[in-house]
Amino acid sequence: THTVMDLCTGPDLLEWVGLRRGAPVPEPVAAAIVAQVAQALALCHRRGVAHRDVKPDNILIAGNDGEDEEEEDGGEAEAETAPRLRLADFGSAAWVGAGGLGRAEGLVGTPHYVAPEVVGGGEYGAKADVWSAGVVMYALLSGGALPFSGETAAEVLAAVLRGSVRFPPRLFSGVSPAAKDLMRR
């Protein structure tokens, strides 16, 4: 099987967030980014594929279509917009059946982004990708911080299993209650 996709000349989303030097992504831009990821995942799931490793490193910036940051007359920069994205790296993907209603198994993914049902063992579905997209949203809105931490992969996975998401005020004071609620789900 082969995958053919656009040539993405920009950085991946992890590098893009890093270029912001800890500044959070504005909520409307983060929402547009997460919407693109959700659309890509919905298409995968409808076609029976669970990605199983959704993280900023696997989300590529497709380019800016030649749009400039500043107006041609030297005026103020336009409001920040979300870059065009492409979901990449399907090396851990699994067939979960048409509509994404089947099951997968095995501890697959990156510890900080993996869903609790994956860590718990046994079977899980395509919804595990949605959890990972929520972690991506947290990283965007916090300027790169992650909701689950630990010194080792085992400690991170234990934190994921506990599932207690916190929103430190120094990182999330400008984030709406609705966005926080979405990330808690």
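Residues numbered from 1 in each chain as written. Predicted model: local features only at pLDDT ≥ 70, side-chain atom pairs only at ≥ 80, totals over all residues. Heavy atoms only, no water.

What to know about the overall build of the protein
Alright, step 1. Within the protein one finds seven helices and six strands.
Alright, step 2. Reading the protein from its N terminus to its C terminus gives the helix and strand order α-α-β-β-β-β-β-α-β-α-α-α-α.
Alright, step 3. A globule of 185 residues ought to have a C-alpha radius of gyration of about 16 Å, and the protein, at 17 Å, matches this closely.
Alright, step 4. Over its C-alpha atoms, taken along the principal directions, the protein stretches across nearly 60 × 40 × 30 Å.
Alright, step 5. The burial tally for the protein puts 39% of its 185 residues in the buried class.
Alright, step 6. In the protein, once contacts between residues fewer than 6 apart in sequence are set aside, the share between residues at least 24 apart is 68%.
Alright, step 7. Here the protein displays about 10,500 Å² of accessible surface, and carbon together with sulfur accounts for 53% of that area.
Alright, step 8. Measuring between centres, the 16 positive side-chain charges of the protein sit 11 Å from its 25 negative side-chain charges. (Helix = DSSP H or I, 4+ residues; strand = E, 2+ residues; numbered from the N terminus. Rg over C-alpha atoms; globule rule 2.2 N^0.38 Å. Buried < 20%, exposed > 50% of the residue type's maximum accessible area, 1.4 Å probe, protein only. Contact = heavy atoms within 4.5 Å. Areas by Shrake-Rupley, 256 points an atom, 1.4 Å probe, with all protein chains shown as cover. Lys, Arg positive; Asp, Glu negative; His and termini not counted. Charge placed at Lys NZ, Arg CZ, Asp CG, Glu CD.)

Focus on the packing of helix α4 (residues 127-142) against helix α7 (residues 177-184)
Alright, step 1. Between α4 and α7, the least distance of the axes is 9 Å, while the angle of their chain directions is 145°. Crossing hand, α4 versus α7: left-handed. Contacts between α4 and α7 pair Gly134, Met137, Tyr138 and Leu141 from the former with Ala179, Leu182 and Met183 from the latter. (Axes fitted to C-alpha atoms, helices over the stretch in contact; angles between N-to-C directions. Left-handed = near helix turned anticlockwise from the far one by under 90°.)

Some details on the pairing of strand β2 (residues 59-63)
Alright, step 1. Counting buried positions along β2 gives four out of five residues, so the element sits mostly inside the fold.
Alright, step 2. Two elements, β2 and strand β3 (residues 84-87), share four bridges in a ladder whose sense is antiparallel. The partner of Ile61 across the bridge, within β3, is Leu85. (Pairing = 2+ DSSP bridges.)

Side note on the packing of aromatic side chains
Alright, step 1. Inspection of the entire model under this criterion finds four aromatic pairs.
Alright, step 2. The interplanar angle of 35° and the centroid separation of 5.7 Å between the aromatic rings of Tyr138 and Phe167 together place this pair among those described as tilted. Placement of Tyr138 in helix α4 and of Phe167 in the loop between α5 (153-162) and α6 (169-172) is noted, with a sequence separation of 29 residues between them. The residues Tyr138 and Phe167 share a single accessibility class, namely buried.
Alright, step 3. Look at Tyr138 and Phe172: their rings are 4.7 Å apart centre to centre, the planes differ by 55°, and that puts the pair in the tilted class. Of this pair, Tyr138 sits in helix α4 while Phe172 sits in helix α6; the two residues are 34 residues apart in sequence, bridging distant segments of the chain. (Phe/Tyr/Trp six-rings, centres within 6.5 Å; stacked < 30°, edge-to-face > 60°.)

As for the environment of Leu60
Alright, step 1. By the element assignment, Leu60 lies in strand β2.
Alright, step 2. Looking at Leu60, the relative accessible area reads 23%, which means it is partly exposed.
Alright, step 3. In the structure, Leu60 is positioned 71 residues away from Trp131 in sequence and 19 Å away in space, judged by C-alpha atoms.
Alright, step 4. Every residue in contact with Leu60, bar those within four places of it in the chain, is listed here: Met5, Cys8, Pro11, Asp12, Arg84, Leu85, Arg86 and Ala88.

Let's talk about the layout of surface pockets
Alright, step 1. Estimates place the volume of the largest pocket at around 560 Å³.
Alright, step 2. Taken together, 19 residues form the lining of the largest pocket, with Thr3, Leu43, Cys44, Leu87 and Phe90 sitting closest to its centre.
Alright, step 3. Only α2 (27-46) and β3 provide two or more residues apiece to the lining of the largest pocket.
Alright, step 4. Its residues assigned to classes, the lining of the largest pocket comprises twelve nonpolar, five polar and two charged. (1 Å grid on protein atoms, 1.4 Å probe; cavity = no way out; pocket = protein on both sides within 12 Å on 5 of 7 lines; lining within 4 Å. Points joined across faces, edges and corners; volume = space filled by probe spheres on them. Nonpolar A, V, L, I, M, F, W, Y, C, P; charged D, E, K, R; others polar.)

Digging into the pattern of salt bridges
Alright, step 1. According to the stated counting rule, one finds four salt bridges in the structure shown.
Alright, step 2. Among the salt bridges present, the one from Glu80 reaches Arg20, with a minimum N-O distance of 2.6 Å. Pair noted here: Glu80 is in the loop between β2 and β3 and Arg20 is in the loop between α1 (13-18) and α2, with a separation of 60 residues, a long-range link.
Alright, step 3. Salt-bridge contacts for Arg185 lead to Asp181; the nearest nitrogen and oxygen are separated by 2.9 Å.
Alright, step 4. Residue classification places Asp181 among the partly exposed residues on the basis of a relative accessible area of 33%. (Salt bridge = Lys/Arg side-chain N within 4 Å of Asp/Glu carboxyl O.)

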